[in-house]
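Structural features, examined
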Amino acid sequence: MRTNDVMLQTATKVVTFIILMFAVHIFFAGHYTPGGGFVGGLLTASAIVLLMLAFDIPTIKKILPINYVVLSAVGLLIAIATASASIVFDVPFFTHAYDYFDLPLFGETSLHSALLFDIGVYLVVVGVTMTIIQTIGEDE
Amino acid sequence: MSLVFLIFIPILAALFIPLLFKRLGQIHTGWFVLLVPAALFLYYATRLPSVMEGGTYVSELSWIPSLDIAFVAYLDGLSLLFTLLITGIGALVVLYSIFYLDKHREQLHNFYVYLLIFMSAMLGVVQSDHLITLYLFWELTSISSFLLIAYWYTRDRSRFGALKSMMITVFGGLMMLGGFVLLSIMGGTYSIRELIAQAPELAQHDFFIWALVLVLLGAFTKSAQFPFYIWLPDAMEAPTPVSAYLHSATMVKAGIYLVARLTPVFALSEVWMWLVAGVGLFTMVWASFFALKQTDLKGILAFSTVSQLGLIMSLLGVAAAAYHVEGAADSYLKYAAFAAIFHLINHATFKGSLFMIAGIVDHETGTRDIRKLGGLMSLMPVSFTVALIGSLSMAGLPPFNGFLSKEMFLTAMLSLQEFNMFSMDVWWVLFPIIAWIGSVFTFIYSLYFVFHTFAGKHQPEQLPKKAHEAPIGMLISPVFLAALVVLIFFIPNLIGDWLVKPAVAAIQPFLYDSPQNVDIHVSAWHGFNTELFMTLGIFAIGGLMFWTLRKWQHLYDLYPDAISLNRLYDEMMLLSDGGANRFSRIYMTGFIRSYLVYMFSFMTFIVLLTLFLNEAFQIDFSNLAPIGVYEIVILLALVGATLTILGSKSRLTAIIALGAVGYSVALLFVIFRAPDLALTQLVIETISVALFLLAFYHLPQISRKEERMKFRFGNALVALGVGVTMTLVALSAHSQKAMPSISEFYKETVYKEAGGGNIVNVILVDYRGFDTLFEIAVLGIAGIGIITMIRLRLTKKEGQHENK
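On a predicted model such as this, the values are computed, not experimentally measured, just so you know. (Residues numbered from 1 in each chain as written. Chains lettered and ligands numbered in written order. Predicted model: local features only at pLDDT ≥ 70, side-chain atom pairs only at ≥ 80, totals over all residues. Heavy atoms only, no water.)

Some remarks on the overall build of chain A
When you go through chain A residue by residue, the secondary structure sums to 5 helices and 2 strands. In sequence order, chain A lays out its α and β elements as α-α-α-α-β-β-α. For chain A, the spread of C-alpha atoms along the principal axes amounts to about 55 × 35 × 20 Å. Among the 140 residues that make up chain A, the fraction classed as buried is 47%. Long-range contacts, defined here as pairs at least 24 residues apart, represent 64% of the contacts in chain A between residues at least 6 apart. About 7400 Å² of surface is accessible on chain A, with carbon and sulfur atoms providing 74% of the total. If the 4 positive side-chain charges of chain A are averaged to one point and the 10 negative ones to another, these points end up 22 Å apart. (Helix = DSSP H or I, 4+ residues; strand = E, 2+ residues; numbered from the N terminus. Buried < 20%, exposed > 50% of the residue type's maximum accessible area, 1.4 Å probe, protein only. Contact = heavy atoms within 4.5 Å. Areas by Shrake-Rupley, 256 points an atom, 1.4 Å probe, with all protein chains shown as cover. Lys, Arg positive; Asp, Glu negative; His and termini not counted. Charge placed at Lys NZ, Arg CZ, Asp CG, Glu CD.)

Points about the interface of chain A and chain B
Where the parts come together, the accessible area they lose is often given as the size of the interface. Contact with chain A, which involves 46 residues of that partner, is made by 42 residues of chain B. In total, chain A and chain B occlude about 3800 Å² of area from one another, counting both sides; carbon and sulfur atoms represent 74% of this. Counting every contact that joins chain A to chain B gives 0 salt bridges. At the junction of chain A and chain B, the tally comes to 3 residue pairs in polar contact (both at pLDDT 80 or more). Among the elements that make up the side of chain A that touches chain B, the one with the highest residue count is helix α5 (residues 114–138) of chain A (15 residues). (Buried area = accessible area lost by both parts, 1.4 Å probe. Salt bridge = Lys/Arg side-chain N within 4 Å of Asp/Glu carboxyl O. Polar contact = N/O pair within 3.5 Å; in protein donor to acceptor, adjacent residues only side chain to side chain.)

Thoughts on the environment of K22 of chain B
Residues and elements named next belong to chain B. Relative to the assigned elements, K22 resides in helix α3 (residues 17–23). Among the residues examined, K22 registers a relative accessible area of 61% and is labelled exposed. Here the alpha-carbon distance between K22 and H109, two residues 87 residues apart in the chain, equals 8.4 Å.

As for the environment of T56 of chain B
Residue and element names in this part refer to chain B. Along the chain, T56 turns up in the loop between α5 (48–52) and β1 (57–64). Given the relative accessible area of 42%, T56 is considered partly exposed. T56 sits 281 residues away from A337 along the chain, and the two C-alpha atoms are 20 Å apart. Discounting chain neighbours no more than four positions away, the residues touching T56 are Y74, L75 and D76.

What to know about the pattern of salt bridges
Residue and element names in this part refer to chain B. Within this structure, the stated rule accounts for 12 salt bridges over all chains. One salt bridge connects R261 with D76, and the closest N-O pair in it is separated by 2.9 Å. Taken together, the residues R261 in helix α15 (residues 253–266) and D76 in the loop between β2 (69–75) and α6 (77–100) connect sequence positions 185 residues apart. The two residues R261 and D76 agree in class, both being buried. A salt bridge links K501 to D497; the shortest N-O distance between them is 3.0 Å. Taken together, the residues K501 and D497, both in helix α24 (residues 492–507) and 4 residues apart, mark about one turn of the helix. Members of the salt-bridge network, linked through shared partners, are R157, K164 and D234.

Examining unusual backbone geometry
Residue and element names in this part refer to chain B. Of the consecutive residues F226 and P227, the connecting peptide bond is found in the cis state with omega at 0°. Tracing the backbone shows P227 in the loop between α12 (208–222) and α13 (231–234). Look at D68: it is not a glycine, yet its phi comes out positive at around 65°. At A224, a residue that is not glycine, the phi angle is positive and equals roughly 55°. Along the chain, A224 falls in the loop between α12 and α13.

Topic: the domain arrangement of chain B
Taken domain by domain, chain B comprises domain 1 (330–547), domain 2 (555–585) and domain 3 (744–804). In this structure, domain 1 of chain B and domain 3 of chain B have C-alpha centres spaced 59 Å apart. (Domains from an automatic or database assignment.)

A few points about α15 of chain B
All names here are of chain B. Counted at 1.5 Å a residue, the expected span for α15 with its 14 residues is 20 Å, and the 19 Å between its end C-alpha atoms agrees. Maximum bend of α15: about 30°, positioned at A260, with proline P264 one to four residues after it. Most of α15 is tucked away: 14 of the 14 residues are buried. (Expected span 1.5 Å × (residues − 1). Bend = angle between axes of the 7 residues up to and from the residue.)

Quick look at the UniProt feature "domain: MrpA C-terminal/MbhE" (unreviewed entry) in chain B
Per the UniProt record, "domain: MrpA C-terminal/MbhE" (unreviewed entry) is annotated on residues 712–791 of chain B. The straight-line gap between the two end C-alpha atoms of residues 712–791 of chain B is 37 Å; of that span, 84% is helix and 0% is strand. (UniProt positions renumbered as here; feature names shortened; annotations may be inferred.)

Description of the pairing of β1 of chain B
Residue and element names in this part refer to chain B. In this sheet, β2 lies alongside β1 in antiparallel orientation, the contact comprising 7 bridges. Bridge assignment links Y57 to a residue of β2, and that residue is L75. Between β1 and β2, which pair antiparallel and follow one another directly, the connecting turn spans 4 residues, one of which, D68, has a positive phi of 65°. (Pairing = 2+ DSSP bridges.)

Here we look at the side chain of R47 of chain B
Residue and element names in this part refer to chain B. Topologically, R47 is positioned in the loop between α4 (30–45) and α5. Buried within the structure, R47 lacks any salt-bridge partner; its nearest side chain of opposite charge belongs to D76, at an N-O separation of 12 Å. Not counting residues up to four positions away in its chain, the partners in contact with R47 are L3, Y57, L75 and L80.

Observations regarding helix α30 (residues 651–671) of chain B
All names here are of chain B. Look at α30: 30 Å from first C-alpha to last across 21 residues, which is about the 30 Å you get at 1.5 Å a residue. Those residues of α30 that sit buried are A654, I655, A657, G659, V661, G662, S664, A666 and L668. Tucked into the core, α30 has its buried residues touching α29 (629–647) and α31 (675–696).

Let's talk about the nonpolar core
Counting residues in each nonpolar core, the largest one holds 218 residues, and the members touching the most others are F180, L183 and F266 of chain B. Here this core gets 19 residues from one element, more than from any other, and that element is helix α18 (residues 335–365) of chain B. The residues contacting L183 of chain B, other than those within four sequence positions of it, are L131, G188, T189, L195, L202, A211, V265 and F266 of chain B. Core analysis: the next-biggest nonpolar cluster, separate from the first, contains 42 residues, A23, A79, L123 and V126 of chain A among them. (Core = buried A, V, L, I, M, F, W, Y, C linked by side-chain atoms within 4.5 Å.)

Considerations on the UniProt feature "transmembrane region" (unreviewed entry) in chain A
Residue and element names in this part refer to chain A. As recorded in UniProt, the feature "transmembrane region" (unreviewed entry) lies at residues 12–32, 38–57, 69–94 and 114–133. In residues 38–57, helix accounts for 90% and strand for 0%; the two terminal C-alpha atoms are 24 Å from one another. With 100% helix and 0% strand, residues 114–133 has its two end C-alpha atoms placed 28 Å apart.

If you want it as C-alpha cells, here you go:
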C-alpha cells in the first residue's frame, strides 16, 4: 500500500539518521556503557522499519538493496570465526583478547576482540529482524 | 608437521572439491583427490623403519581441555599398518574411480567430498588414543559411509541400504560409547595406553564385563559380525569404488582394529575369548555358506567379506589365549595374532581387486547377475586373470598370499589344543572343525565367483551391453593389487617383518617388548603336518562340491525367507515406525494450546518439586527494598493491561494492550536501573508492534463465536499454578543466602578478566558467549523458517481462515 503522509515522511528523513547514529554509538560503546550488538542491531532494524512505514517496501528495497538472509549468514560466520580464531592461538574456543592502544584522534582506546563477535551478533539481529518483517510485509 | 594434523588433511582438502569440480570441470576431479592419499601414504611410509624397530609417535591437539578431551594421534605398529591400508588402498580406489565414474554424468563433487571425509574419519579411528575422539571419528565413518552408500540417492535401494547400515552401525557405536564411558570410570582415564597399563586392576572391577560386551557390540556391528552382518550386503548399493574401499579394506575393519587394539585390556577375561573367537568363527561359516546363495557378484563378495572378517575376528579371539599361557611366545599360540594381521593385509589386497573386477564386469556388460554372465574369459582376458588370482588367493591356493594366511589360520586353530583353560581342553576340537567347514565353503564360493563369471557359455543376448575389456586406466588398480597378491606369496617375511610384526607387538605387548622379538617365520612349505592334510581335504571336498554345485544349489531355496534376519530387521523397523507414530499421535494434537498446557504444567511440577525436595523454600521479608509510588503505578498499569488483553474484543485493542505491558516492563527496568534491558525491551516492543500491525493485515477479525471464551477450569489451574510457582521462586531466590550472589563475581571480574565495563554485554559476548552464539544461530533458523513458511509455501490458500 502506498501512503503519502508528508509529516511522517519528513520527520522520518531526519529521525532515521539520528536513530542510526545512536545505534552505531550504542553498538561501539556497548562494552563499557549500556548497549551492545543486540540493542544496536535492533535499533538499526527499527530505523529501517520506520523508513518502510513512512515510504513503502519496494522503495526502501531500491535504496537499501540488501539481501537480509545473506546478511544474517555473514553475521553468523563472523561470530563463529571470531570464536574459532582463538584455536589458532592455542587457547580454548571463545577466549577473547583485548588491549589498550594509543590511537590518533581517539587517544587511549581499548580494542577488544569481543567487538568482532558483537559485529556478528549485530548483523544477525538486523538480518533476521528485517527478513521477518520484509517477508511478512511483502506477503499479499 | 605434527602427526595429529595429518588426520585432518583429507577433510580440509574436501573443502576445495566443489570448487575444483565447478571451475575445472574438464579435468576429472579425482586426479586432484588422488594426490591426498598418495602423498599421505608416502609420508606415513617414511615412518615405517622406526616403527619397525618398536618406535612410537604421539602427537596431541587439545580440544576441550576442561573435559580433558584431546585429539591424540598415536602411531605404533598397529595404527601405522591400518593407516597405510587406508591411504594406500585409498589411492588405488581413487585412481580406479576416475575411470569408473563419468565426470559428465556423476555428481563427483558429492562423491569425493564424502570419500575424503571418510578418509579423515578412518585415519582418526585408527590413530586416536583418546576414546572419546575415537568414538567421534567412529561415528563419522558411519555418517560418511551412509552418504556414500546413498550416493545414487534417487534409487530406493540405495537409500534403504544406507539407512540400514547407519541404523545398525550407529546402534553399535552408541553401545560402544557406553563401554568407553564404563572403561573411563573404571580406569579414570580415556587414554587407551593408560587403560592398557592398568589392565589387571580393570579386570577385577564389577563393570568390566559390561564394558567388554558393550565395546564388542560396537566392534561386531561395524565389522558385520553375526547377527549384525545384514547391513553389509545392502551396502553394496554404493558405487563399486566405495564397496572396494569401505566395505572390504577399511571401514569394516575398524571393528577388527578395535578388537585388536583393546585386546590387551580385555584379553584377561574368558568371556572375551569365547565371544570374539566364537562369534567370529560362526560368522565365518554362516556367511561362507550363504555366499553361494547369492546371484549378484557384489552380493557374493559382500558375504565373502563378512566371512573373512569373521575369520580374522576369530583369530584375534584365539590370540587372547596367549595371555593366559606362560611362555606363550614360544608356543604355537603365538601364531593367532600374526595370522590375523597377515590375513588382514592379504584380504585387503585380494578382496580389493575382486571388488574392482566386479565393478568392471558391471561397467562393461551392464549387469552383475551371475546367472546372466559367463564366458567372459576370452573377451576380458586381463580382468579374468586378475579375478582368477584374487579368487584363488581367497580360496587359499598357492602361489597366492591367501594360501599362506589360510595355513596360519589352521595352525592357530589347532594350537588351541595346547590351551587348557576355560574348558578349552574339551571344546578346542570344535574350533578346527568349524574352521575347516568354513574354509571348504570359502573354496567353493571363490571358484563359483570366478568361473561362473568368466568360464562357461557366453550369453550375449542376456547382457544389456556388448561385453569388452575395460579401459587401461580402470585396470591399473586391480592389476596392481593382483600383483601384490602374488608378490606377497614370494616375499611373505618381508611383509611380516615390516608390517605384521610391529602390529603383533602392539596387540600383544605382554608377550613382546619389541617387534624384533616376534619370532615367526612364514614359509610356503611347512612339512607334512595336520594343516597340510586339512588343506588337501579342503581342496578335495571343495572341488568335488563345486563340481556338483548345480545339483545341490537349489537346496538354498528351501531356506525360508520368513525367518531371516533381514526380515526381522524390516519388521522391527516397521513396528518401531508405526508404534512411534501411534504414540505421538496421542499427544501431538496440533493445537498450540495443548502444547502450552503440557509445558506449563510440567514446568510447574518440576520447579515446585525441586523447591520442596531441597527444602529451598523460604520467605524472608526482612531486607526487601521499599516500594515506591512509581512501582505501584506501573504495576497497576501492567495488571490492567494484561486484563485488557484477556477481555479485548478486537485484535487491535489486544495488540495495543500487549504493547502497554511491554512498555510498562521497560519502565520497571528503568526504575530498577537496568538501562540495557530497558533499551532492548523498548526497541523490541516497538518493532514487534510494527510486526503485529503488518501481520494484522492478514489476520481475520476475531469472530463473534470466539469472543465469548469459555472458562476452562483446567487451564485456569495451570495458569494459577505457573503464577504461584514463579512468585514462590522469586521469593525464595531472594530469601536464600546459601550461596553468594553471582552478580558479585561479575562485578569483581568484569573489568579484570574481560576488560569491559558493562556487565550485561560482557556476559553476552564473553562469559556466556556460547549462549549468544547459539542464540543468534536460533534467530537465523527462525528467519529461514519464516521465509519457508511465507515465501516458499506450496499452495496459496486464498480466502481461508488461517486459524481454521
